[in-house]
Each structure stands twice: as C-alpha cells, then as structure tokens.
Amino acid sequence: MIPIILSIILLIALAFSISVVFKKRKKAGITGIKSALTPICLYLIAVTNLLAYWFDFMGLINWTIIVILLILGAYFMKYMPASEQ
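> Requested: an account of the overall build of the protein, with residues and values cited.
Within the protein, the regular secondary structure consists of three helices and zero strands. In the protein, the order of α-helices and β-strands from amino to carboxyl end is α-α-α. Against the compact-globule benchmark of 12 Å for 85 residues, the protein has a radius of gyration of 15 Å, which places it well outside the compact range. In terms of principal-axis extent, the alpha carbons of the protein reach across some 45 × 25 × 20 Å. Residue burial in the protein is summarised as follows: out of 85 residues, 22% are buried. A fraction of 65% describes how many contacts in the protein between residues 6 or more apart in sequence connect residues 24 or more apart.

Written as structure tokens, this is what we have:
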C-alpha cells in the first residue's frame, strides 16, 4: 500500500514540477529544445527510478541509465540561458 501511495505522490509532484518549468520558460520567453534538455534528463531520471522500482530492474542497467542521463543533463546545461539577477 505504501509503495502505491509514494508512486502516486511522485507522479503528482513530477506533473506539478513539469508545469512550473513550462510556465517559467514561457514567461521568460525561452524557446527551443536545447535549453529544455537538462530538465528533461532530470525528469527522465525520476521516471527511470519509478519504472525500475515497479518492474524490479534496480541493478546495473538502472544505474547506467541514471549516470548517462546525469552526464547528458550536465552537458546540456551549457545551453540554458544565464540568469539576469
């Protein structure tokens, strides 16, 4: 029962976070896919962990995917616009 509740909370938080990022990008006038690749990689890490938990592949494959997504997210950070504050 607890894993189901935690998974639902994760999905709700993920949907809320995606909507906040989308609204902030729209408000700032940021377009293009390159600047969105870092958040996409980080969201994919959360989805990968959720799928790994439910389908029971918490081993080397999961860790490899996570490390690759982290490296890609760090690499694509150079395309994110600098803050003007």
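> I'd like to hear about the packing of aromatic side chains, residue by residue, with values.
A complete count under the given rule lists three aromatic pairs for this structure. Pairing tyrosine 53 with tryptophan 54 gives two aromatic rings, centres 5.7 Å apart and planes at 80°, and the pair type is edge-to-face. Since its relative accessible area comes to 44%, tyrosine 53 is described here as partly exposed. Tryptophan 54 sits in the partly exposed class, given a relative accessible area of 41%. Members of the aromatic cluster, each reached through a chain of ring pairs, are Tyr75, Phe76 and Tyr79.

Definitions and limits used
- Residues numbered from 1 in each chain as written.
- Predicted model: local features only at pLDDT ≥ 70, side-chain atom pairs only at ≥ 80, totals over all residues.
- Heavy atoms only, no water.
- Helix = DSSP H or I, 4+ residues; strand = E, 2+ residues; numbered from the N terminus.
- Rg over C-alpha atoms; globule rule 2.2 N^0.38 Å.
- Buried < 20%, exposed > 50% of the residue type's maximum accessible area, 1.4 Å probe, protein only.
- Contact = heavy atoms within 4.5 Å.
- Phe/Tyr/Trp six-rings, centres within 6.5 Å; stacked < 30°, edge-to-face > 60°.

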